[in-house]
Amino acid sequence: MNSISDDGGHQDLSDDSEVDFQERLPNVYSVVVPQIRSICTTATVRRRIHVLEWLPKYQFNYILPDIIAGITVTLTAIPQSIAYGILANLQPQDGIYSNLVGCFMYFLFGSVKDVTVAPTSIMAIMIQKIVTTLGPGSALLTLLAGGVTFLFGILNLGILVRFISMPVITGFTTAACLTIGSAQLRSLFGISSKGKSSDFIDAWENVIQHIGETRLWDALLGFSSIAFLVILRLTKDCGQGQWKTFFKYLALLRNAMVVIIGGLLAYGFSLGGSQPFILTGHVEAGLPPFHVPPLSVTNNGTYYGFSDMISVMGTSIITIPLVSTLEIISIGKAFSKDKTVDATQEMLALGICNMAVAFFSPLPVAGSFTRTAINNSSGVKTSLGCAITSALLLLSLAVLADAFYYIPKATLASVVISAMIFMVDYRGIAEVWRVKKLDMIPFLATVLACILLGLDYGILCGIAINCCILLYLISVPKIDLHLSLVEEIRILLVRPTTDLTFSSAEQLRDLVVQSVVKDYDTTVELVVLDGSRVNFVDTTAVKNVASLENDLSSRQVGLVLWRWHRSAAGGLVRLRDGLRVLLSSAESLEGAVQQWKASAEGYLKETNE
C-alpha cells in the first residue's frame, strides 16, 4: 500500500517505487541575491526615500489644501507638544522640538499622506521614569528605539505586530488613557507636589494626600476648559450646510482656542500685578539645539555609565518600538482607506524619525491619531502638509516663544485629559464582550498589568497571556472521531482539523488509544488517520504517530495514514522508513480500507509461507 497524497494531487506508487521524501530546504542564494540586487535599484531608492516618489507628480492644485492642513495641524500640535513635553518631565520646548524634527523626517520618508508623526501621550508616559532617572541621557533611549524600529523594517518584522491582538491593544489604550489622565490631575488642581511618580496609583495617592493644597483658580480654569473642549468635540457634527462646516472647524481648533483663552487670561492677570495660575514658564526660543545622545551621564549627582543606562531603560528599548510601530501602522491603515499600507516603509520611516529626533530632543515620536485625523479632515493631499507643520512650528519658536510663558498648566492638563476621554475605545470594549467573552481575559489582564506594573511591562504581560491562550488552543485541537463499518471492517476515522505540533501530539495519541481501548474495545479493527488538513508536523508529533502505530499494533489494530501531504508524510518516512507502507492516497475511504485489507492479506500470506 505504498501511495502518498502529494501537495499537487495524488500519486500512486507500486511496491518497488521510490518517493523522494527528503526535506526540501529553501535555496538561500536564490532568495537573498535577488533581494540584494533589488535594493540597489533606482526604483527602490525612490520607494524608500518616498518624497522622490510623489514630489515629481505634485500638482499645483494640491498646494492650498496642504497649506490649510499644515496650519490646522500646527494649531493643535503646539499646545499638545508642550503638554506632552511637560508630561514626560522634560522642558516644554522639547515636545515642540520632537514634533518639528519628526514631522520633517516623515515628510521625506513617510508613505501615508495623512499620517502626522509627533510626540504622543503614550510615548511621553513611557519615558517619564527614565527621564526622571537619566535626565537628558534619555535621548539615548530615543536613538536606540529608533534603531530597533529601523531594524524591524530592514528585517521586515511587521509580522510581530500580529502577535498583539485587538483585546490587548484595547486594554493597553484604556490603561494608557487612565494613567495619562491621572498624571494630569495634579496640574488640573494646581497641586505643587509631584508625588513619587506619575503612575496611576501614585498619581491618585498624591492627589488624595494633597487635595487640601488645591488652588481654586487653577481648578476652575481646568474643569471649565475640559467642559469647553468636550462640548466642542460633541458638537462637531451639528448643523447643516455652512453651519456644519463652522462647527467642524470650530471643533478642529478647540485645543488652540482653549490655550489662547487661558494664555490671555493669565496675561491679563499679570498686567494687574497678580497671577492666580501656575504657568508653563520659559520656553526657549530659536532653532532646536543639536546634541549627540550621551553614552554616559551624571544626573542629580549620580553617574550612569552605558551599561547602567541600558539597565535603567530595560524593556523600554523593545516596547517603545513595538508600541510606536503598532500606532503608526494602525493609524496608517485607518486613514489610507482602500490603499495598501507599506508596513516596512512605515517602520523604516518611523525609525529614521526617532533617530533624528534623538539629536534634538529626548522625547520619541509616533503616529498621532488626533493630528492625523485633523490632517485628513483638512483635506491634505500629500506629505507636504508635514513639512508645512514643521516650518510653522519652527516659526512659532522664533516668534511666539515668549507667549508660551503665559499658558496655564491647568489648561494644558485639560487638553490632555479631554483627549484621553475620547481616546478610550468604548465601542471596542463592548465588542470584545459581545463577540468573545474569552477575550476579556487578555483585555483585563493588560489593563491591570499596565496600571500596576507600568505600560511597558503591562503590554508585554498582555501579549504573553494572549500567546498562552493561543498556545492552549493549539495544544487542544479539535479532532473529529467517527466510527463506521467499511468493507465489513469496523474502522475509527480520526480527522485532526489543524497541524500537529509538539503541544498537541500527546493529545492525539492518547485520544486515539483511549477511544480504541475504552469505547470500542475489541470492535475496532482499523484506525484511519486522515491528514488532509495537516500541512505541518514537527519531530514530537512524528514520534507520537510512530508510537501510536506500535500501540495499535500490540492490540491487533491496523493503522492507515490517509490523504497525507508529502510535506507532512516525509517526516514520518524520514523517522522510520517502515511507516511508508501505512500511507494511502486513495480517493475514497473505501479505497483506503481496500488497500489496507489487501496489504494485510498479503502480509499474512507471506507469514504462513
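Residues numbered from 1 in each chain as written. Predicted model: local features only at pLDDT ≥ 70, side-chain atom pairs only at ≥ 80, totals over all residues. Heavy atoms only, no water.

J.: Please give an account of the pairing of strand β7 (residues 479-486) that cites residues and values.
T.: Pairing of β7 with strand β8 (residues 489-496), which is carried by eight bridges, proceeds in the antiparallel orientation. Of the residues in β8, the one forming a bridge with D480 is R495. Hairpin connection, β7 to β8: the antiparallel pair is bridged by two residues, and E487 has positive phi, about 55 degrees. (Pairing = 2+ DSSP bridges. Helix = DSSP H or I, 4+ residues; strand = E, 2+ residues; numbered from the N terminus.)

J.: Can you break down unusual backbone geometry residue by residue, with the values?
T.: Even without being a glycine, Q556 presents a positive backbone phi close to 60 degrees. With respect to the secondary-structure elements, Q556 resides in the loop between α25 (539-554) and β10 (558-562). Overall, the relative accessible area of 68% leaves Q556 in the exposed class. In this structure, R563 takes a positive phi of about 60 degrees despite not being glycine. Following the sequence through the fold, R563 ends up in the loop between β10 and α26 (566-575). R563 sits in the partly exposed class, given a relative accessible area of 23%. (Buried < 20%, exposed > 50% of the residue type's maximum accessible area, 1.4 Å probe, protein only.)

J.: Residue-level account of the environment of A449, with values.
T.: Positionally, A449 belongs in helix α22 (residues 440-453). We classify A449 as buried; its relative accessible area is 11%. C-alpha of A449 to C-alpha of C461: the two residues are twelve residues apart in sequence and 6.7 Å apart in space. Setting aside anything within four residues of it in sequence, one finds A449 in contact with G454, G458 and C461. (Contact = heavy atoms within 4.5 Å.)

J.: Residue-level account of the packing of aromatic side chains, with values.
T.: Scanning all chains against the criterion turns up 14 aromatic pairs. For the pair W54 and Y58, a centre-to-centre distance of 6.1 Å together with 50 degrees between the ring planes defines the contact as tilted. Ring geometry for Y405 and Y406: centres 5.1 Å apart, planes at 80 degrees, overall edge-to-face. When the ring centre of F422 is taken as origin, the NZ or CZ atom of R233, which lies over that ring, is 4.6 Å away. (Phe/Tyr/Trp six-rings, centres within 6.5 Å; stacked < 30°, edge-to-face > 60°. Lys NZ or Arg CZ within 6 Å of the ring centre and 35° of its normal.)

J.: Describe the pattern of salt bridges, naming the residues involved and giving the relevant values.
T.: Using the criterion set out here, one finds eight salt bridges in the structure. Of the charged contacts in the structure, one is a salt bridge between D114 and K113, with a shortest N-O distance of 3.1 Å. Owing to a relative accessible area of 2%, D114 belongs among the buried residues under this scheme. Taking relative accessible area as the criterion, K113 reaches 29% and is therefore assigned partly exposed. Between R509 and D551 there is a salt bridge; the shortest N-O distance is 3.0 Å. Here R509, found in helix α24 (residues 502-519), pairs with D551, found in helix α25; they are 42 residues apart in sequence, far enough to count as distant. By sharing partners, the salt bridges in this structure join R495, D530 and R563 into a single network. (Salt bridge = Lys/Arg side-chain N within 4 Å of Asp/Glu carboxyl O.)

J.: Run through the nonpolar core, naming residues and quoting values.
T.: Of all hydrophobic cores here, the largest spans 93 residues; its most connected members are Y106 and M126. Residues within four places of M126 in sequence aside, it is in contact with F172, S316, T319, I320, V323, L455 and D456. (Core = buried A, V, L, I, M, F, W, Y, C linked by side-chain atoms within 4.5 Å.)

J.: An account of the environment of A219 is requested, with residue identities and associated values reported.
T.: Tracing the sequence through the fold places A219 in helix α11 (residues 216-234). Exposure remark for A219: the relative accessible area of 12% places this residue in the buried category. It is 9.5 Å that separates the C-alpha atoms of A219 and I191, two residues lying 28 residues apart in sequence. Excluding residues that lie within four positions of it along the chain, A219 makes contacts with L188 and T214.

J.: Pulling in residues and values, what's your account of the packing of helix α8 (residues 166-183) against helix α10 (residues 200-209)?
T.: Two quantities define a packed helix pair, namely the angle between the axes and the distance from one axis to the other. Between α8 and α10, the least distance of the axes is 8 Å, while the angle of their chain directions is 30 degrees. Relative to α10, α8 is oriented roughly parallel. Seen along the crossing, α8 lies across α10 with a hand that is left-handed. Here L178, T179, S182 and A183 of α8 come into contact with α10, specifically with F200, A203 and W204. The class makeup of the residues in the contact of α8 with α10 is five nonpolar, two polar and no charged. (Axes fitted to C-alpha atoms, helices over the stretch in contact; angles between N-to-C directions. Parallel < 35°, antiparallel > 145°, perpendicular 65-115°, else oblique. Left-handed = near helix turned anticlockwise from the far one by under 90°. Nonpolar A, V, L, I, M, F, W, Y, C, P; charged D, E, K, R; others polar.)

J.: So what's going on with the packing of α8 against helix α23 (residues 455-475)? Which residues, and what values?
T.: Across the interface, α8 lies against α23 with an axial gap of 10 Å and an inter-helix angle of 160 degrees. The angle between the axes of α8 and α23 places the two elements in the roughly antiparallel class. Taken as a pair, α8 and α23 cross one another with a handedness that is right-handed. Where α8 abuts α23, its residues V168, F172, A175, A176 and T179 lie against L455, I459, G462, I463 and N466. Of the residues belonging to the contact of α8 with α23, the class tally is seven nonpolar, three polar and no charged.

J.: Break down a nonpolar patch on the surface for me, with residues and values.
T.: A surface patch of nonpolar side chains, about 530 Å² in accessible area, is lined by L438, I441, I465, Y472, L473 and V476. Element by element, the count of residues in the nonpolar patch is highest for α23, at three residues. Here L473 shows up in helix α23. (Patch = residues over 30% accessible without salt bridge, like charges linked within 9 Å, V, L, I, M, F, W, Y side chains within 5 Å. Areas by Shrake-Rupley, 256 points an atom, 1.4 Å probe, with all protein chains shown as cover.)

J.: Requested: an account of the environment of T319, with residues and values cited.
T.: Within the element layout of this structure, T319 appears in helix α15 (residues 316-335). Sequence-wise, T319 and L455 are 136 residues apart; in three dimensions their C-alpha atoms are separated by 8.9 Å. Contacts of T319, omitting those with residues within four sequence positions, involve M126, D456, I459 and L460.

J.: Talk me through helix α7 (residues 139-154); I want residue IDs and the actual numbers.
T.: The first and last C-alpha atoms of α7 sit 23 Å apart over 16 residues, in line with the 22 Å expected at 1.5 Å per residue. For α7, the full list of buried residues reads A139, L140, L141, T142, A145, G146, V148, T149, F152 and G153. Residue N156 follows α7 closely and has a positive phi angle near 55 degrees. (Expected span 1.5 Å × (residues − 1).)

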